[in-house]
Amino acid sequence: MVVLNRIYTRTGDDGTTALGTGERRPKHDRRIAAYGTVDELNATISLARLHTGAEPEVDAMLARIQNDLFDLGADLCTPETGRNASRERLRIVETQVARLEQEIDLLNGELAPLNSFVLPGGTAAAAHLHLARTVCRRAERLMVEVANAPGETISAPALKYINRLSDFLFVASRSVNQKGAGDVLWVPGANR
């Protein structure tokens with residue numbers, strides 16, 4: 001259980017922050033940027049959820065995802081290192097990835113196939129989900145950058161989860177857009 005009695009600690013006044021291991025890193029560190037972007041993604045999903053009340057199934061999926069994103073943040077802020085690799089840490093697991101895949105398939109099964117790219121827009125819920133999708137892709141790029149840096153690791157399930165999540169957000173945006181009927185389609189060269 002997390003207990004937050006004091007909100008400010010003053011320990012970050014020097015421009016550093018602590019990882020879950022206790023190690024201090026600069027606030028501009030790529031790992032910090034990655035889980036900060038996951039936090040931004042979570043907040044963006046909360047904005048989408050303000051508009052998903054008419055879609056209770058999608059809203060419930062998004063609520064589960066918001067909880068998963070805190071798991072992902074915990075995973076990212078506690079890198080596996082030699083001194084803590086044996087300690088039990090909260091990690092994203094394959095079952096969370098599998099659940100996302102099942103939900104993508106469920107929502108996508110109700111949609112007509114696409115014959116064009118979809119422009120962000122349509123309903124307010126869809127527009128916010130498209131925004132969340134772009135933040136998700138940025139989080140993924142940062143996570144991959146961290147994973148490829150010397151001395152850094154990010155688990156395969158965490159990378160799979162963030163990749164599937166952007167797919168989920170795309171399909172969910174179409175689903176809340178009247179099952180795709182409200183999608184705004186790209187018309188190549190339409191304004192030439």
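The rules we used
- Residues numbered from 1 in each chain as written.
- Predicted model: local features only at pLDDT ≥ 70, side-chain atom pairs only at ≥ 80, totals over all residues.
- Heavy atoms only, no water.
- Core = buried A, V, L, I, M, F, W, Y, C linked by side-chain atoms within 4.5 Å.
- Buried < 20%, exposed > 50% of the residue type's maximum accessible area, 1.4 Å probe, protein only.
- Helix = DSSP H or I, 4+ residues; strand = E, 2+ residues; numbered from the N terminus.
- Contact = heavy atoms within 4.5 Å.
- Salt bridge = Lys/Arg side-chain N within 4 Å of Asp/Glu carboxyl O.
- Phe/Tyr/Trp six-rings, centres within 6.5 Å; stacked < 30°, edge-to-face > 60°.
- Axes fitted to C-alpha atoms, helices over the stretch in contact; angles between N-to-C directions.
- Parallel < 35°, antiparallel > 145°, perpendicular 65-115°, else oblique.
- Left-handed = near helix turned anticlockwise from the far one by under 90°.
- Nonpolar A, V, L, I, M, F, W, Y, C, P; charged D, E, K, R; others polar.

Participant: Just to check I follow, could you spell out the nonpolar core for this structure?
Facilitator: Generally speaking, soluble globular proteins have nonpolar side chains that are buried together. Of all hydrophobic cores here, the largest spans 42 residues; its most connected members are Leu 41, Ile 65, Leu 69, Leu 72, Leu 165, Phe 168 and Leu 169. Elements represented by at least two residues in this core include exactly helix 1 (30-49), helix 2 (56-76), helix 3 (94-108), helix 4 (124-147) and helix 5 (156-175). Counting residues per element, this core draws most heavily on helix 4, which supplies ten residues. Contact partners of Leu 169, with chain neighbours within four places excluded, come to Leu 41, Ile 45, Leu 62, Leu 129, Ala 132, Arg 133 and Cys 136.

Participant: Whenever I open this one, the pattern of salt bridges confuses me. Can you help?
Facilitator: As a working rule, side chains carrying opposite charge can pair if their charged atoms are close by. Taken as a whole and assessed by the stated rule, the structure comprises 19 salt bridges. The residue Glu 40 makes a salt bridge to Arg 138 at a minimum N-O spacing of 3.0 Å. Of this pair, Glu 40 sits in helix 1 while Arg 138 sits in helix 4; the two residues are 98 residues apart in sequence, bridging distant segments of the chain. Residue class for Glu 40 comes out partly exposed when judged on its relative accessible area of 35%.

Participant: Please explain the environment of Leu 107 as it appears in this structure.
Facilitator: Checked against the element boundaries, Leu 107 lands in helix 3. For Leu 107 and Ala 34, which are 73 residues apart along the polypeptide, the C-alpha to C-alpha distance reads 28 Å. Contact partners of Leu 107, with chain neighbours within four places excluded, come to Val 58, Met 61, Phe 168, Val 171, Ala 172 and Ser 175.

Participant: Could you clarify how one ought to interpret the packing of aromatic side chains in this entry?
Facilitator: Aromatic rings considered in pairs are described by the distance between their centres and by the relative angle of their planes. Tallied over the full model, the rule gives one aromatic pair. On the numbers, 5.7 Å between centres and 50° between planes, the contact of Phe 117 with Trp 186 is tilted. In this pair, Phe 117 sits in the loop between helix 3 and strand 3 (118-119) while Trp 186 sits in the segment after strand 4 (184-185), placing the two residues 69 residues apart along the sequence.

Participant: Teacher, can you tell me more about the packing of helix 2 against helix 5 here?
Facilitator: Between two packed helices, both the angle of their axes relative to each other and the distance between the axes serve to describe the pair. In contact at an axis separation of 12 Å, helix 2 and helix 5 are set at 160° when each is read in the N-to-C sense. It follows from the interaxial angle that helix 2 and helix 5 lie roughly antiparallel. As helix 2 packs across helix 5, the resulting crossing turns out to be left-handed. Facing Val 58, Met 61, Leu 62, Ile 65, Asp 68, Leu 69, Leu 72 and Asp 75 of helix 2, the residues of helix 5 in contact are Ala 158, Tyr 161, Ile 162, Leu 165, Phe 168, Leu 169, Ala 172 and Ser 175. Grouping the amino acids of the contact of helix 2 with helix 5 by side-chain chemistry returns 13 nonpolar, one polar and two charged.

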